[in-house]
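A structural walkthrough
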Amino acid sequence: MSSGGSRANSTFTGYAIVLGVIVLIVGAMAFVVNGRSVEHIPSIDYTADALTLAEVAPYRTYAPRDLPDGWVPTSSRLETGGALPGEDPKEPVSWSLGFATPRDRHAAFSISDADPATFIAETSRGGTPDGESTVNGEEWERYYSKSEGERAIVRRAEGATRVVSGSSQYDELEVLAQSLAAQQKPE
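What you see is a predicted model; the values in this text were computed from it and never measured.

Some points on the side chain of Ser-124
Looking at the element boundaries, Ser-124 is found in the loop between helix H3 (116–123) and strand E5 (128–135). The contact partners of Ser-124, leaving out residues within four places of it in the chain, are Tyr-143, Ser-145 and Ala-152.

Notes on the pairing of strand E8 (residues 160–166)
Of all seven residues that make up E8, seven are buried, and the element is covered over most of its length. Residues of E8 alternate between two faces, with Ala-160, Arg-162, Val-164 and Gly-166 on one and Thr-161, Val-163 and Ser-165 on the opposite face, all of them buried. The sheet contact formed by strand E4 (residues 106–112) and E8 spans six bridges and is antiparallel. Across the sheet, Ser-112 pairs through a bridge with Thr-161, a residue of E8. Strand direction decides the pairing type here: strand E7 (residues 150–157) and E8, joined by seven bridges, are antiparallel. Pairing of Arg-151 across the sheet is with Gly-166, part of E8.

A closer look at the sheet that holds E8
Reading across from one edge, E2-E3-E4-E8-E7-E6-E5 is the order of the seven strands in this open sheet, with antiparallel pairing throughout. Every interior strand has two partners, whereas the edge strands, strand E2 (72–79) and E5, have only one. Taking each pair of neighbouring strands and ignoring which way they run, the sheet shows an average axis angle of 20°. Where strand E3 (residues 94–100) meets E4, seven bridges bridge the pair, whose relative direction is antiparallel. Considered in E4, the bridge of Trp-95 is made with Ile-111. Running at roughly 35° to E2, helix H2 (residues 47–56) makes contact with E2, E3 and E4 of the sheet. Together, E3, E4, E5, strand E6 (138–145), E7 and E8 form the strand contacts of helix H4 (residues 170–178), whose direction differs from that of E7 by roughly 35°.

A short note on the nonpolar core
Counting residues in hydrophobic clusters, the biggest one holds 27 residues, and the most contacted among them are Trp-95, Phe-109, Ile-111, Ile-153 and Val-164. Among the elements of the structure, H2, strand E1 (62–64), E3, E4, E8 and H4 are those that each provide at least two residues to this core. Ranked by residues supplied to this core, first place goes to H4 with four residues. When residues no more than four places from it in sequence are discounted, the contact partners of Val-164 are Ala-108, Phe-109, Trp-140, Arg-151, Ala-152, Ile-153, Leu-173, Leu-176, Ala-177 and Leu-180.

Details of the layout of surface pockets
The space that makes up the largest pocket amounts to roughly 470 Å³. Residue lining of the largest pocket: 27 residues in total, with Arg-77, Ser-96, Ser-110, Phe-119 and Thr-123 positioned closest to the centre. Among the secondary structure elements, those contributing two or more residues to the lining of the largest pocket are E2, E3, E4, H3 and E8. The biggest single contributor to the lining of the largest pocket is E3, with five residues. Looking at the lining of the largest pocket residue by residue, the classes come out as six nonpolar, 14 polar and seven charged.

Cut-offs applied
- Residues numbered from 1 in each chain as written.
- Predicted model: local features only at pLDDT ≥ 70, side-chain atom pairs only at ≥ 80, totals over all residues.
- Heavy atoms only, no water.
- Helix = DSSP H or I, 4+ residues; strand = E, 2+ residues; numbered from the N terminus.
- Contact = heavy atoms within 4.5 Å.
- Buried < 20%, exposed > 50% of the residue type's maximum accessible area, 1.4 Å probe, protein only.
- Pairing = 2+ DSSP bridges.
- Axes fitted to C-alpha atoms, helices over the stretch in contact; angles between N-to-C directions.
- Core = buried A, V, L, I, M, F, W, Y, C linked by side-chain atoms within 4.5 Å.
- 1 Å grid on protein atoms, 1.4 Å probe; cavity = no way out; pocket = protein on both sides within 12 Å on 5 of 7 lines; lining within 4 Å.
- Points joined across faces, edges and corners; volume = space filled by probe spheres on them.
- Nonpolar A, V, L, I, M, F, W, Y, C, P; charged D, E, K, R; others polar.

What follows is the structure, encoded as structure tokens:
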């Protein structure tokens, strides 16, 4: 009888070892997958575009300053209207700067001296008027695009149209708008 018990113990030990190895493999896989699930959003430096805009644009320019933690700049597109620094642009000068927001949404700041109606329609994704926001004591028009699920706040002044738009709620768009500071033209 002792050989039967020894055999059962030997079989159980074998199963326990195999089960332990499987648990270790599954644990290692879970660790690797969990480590990769953390989203790393690539950040860009938009300083060069902001400086070039200030130098080329025929209007007062703005750029975000001192945004709260969690705002990650992800894209920057500058159209200089065919002008190099020191030249007058032949076409509208436009800049669009995209962000990932703290709530994992998208928001963008855009500014241009293009036709305001066309620029607003493009940046608000065909949005329709949706009230007003007050940002830093200034009235901004709200636009909502139901088909795109996007919102925008718009301010027309000083020869240009500023638009803050995206999939964010108005309060988050207002945070980006509050951060906009006038830039000095380089001399």
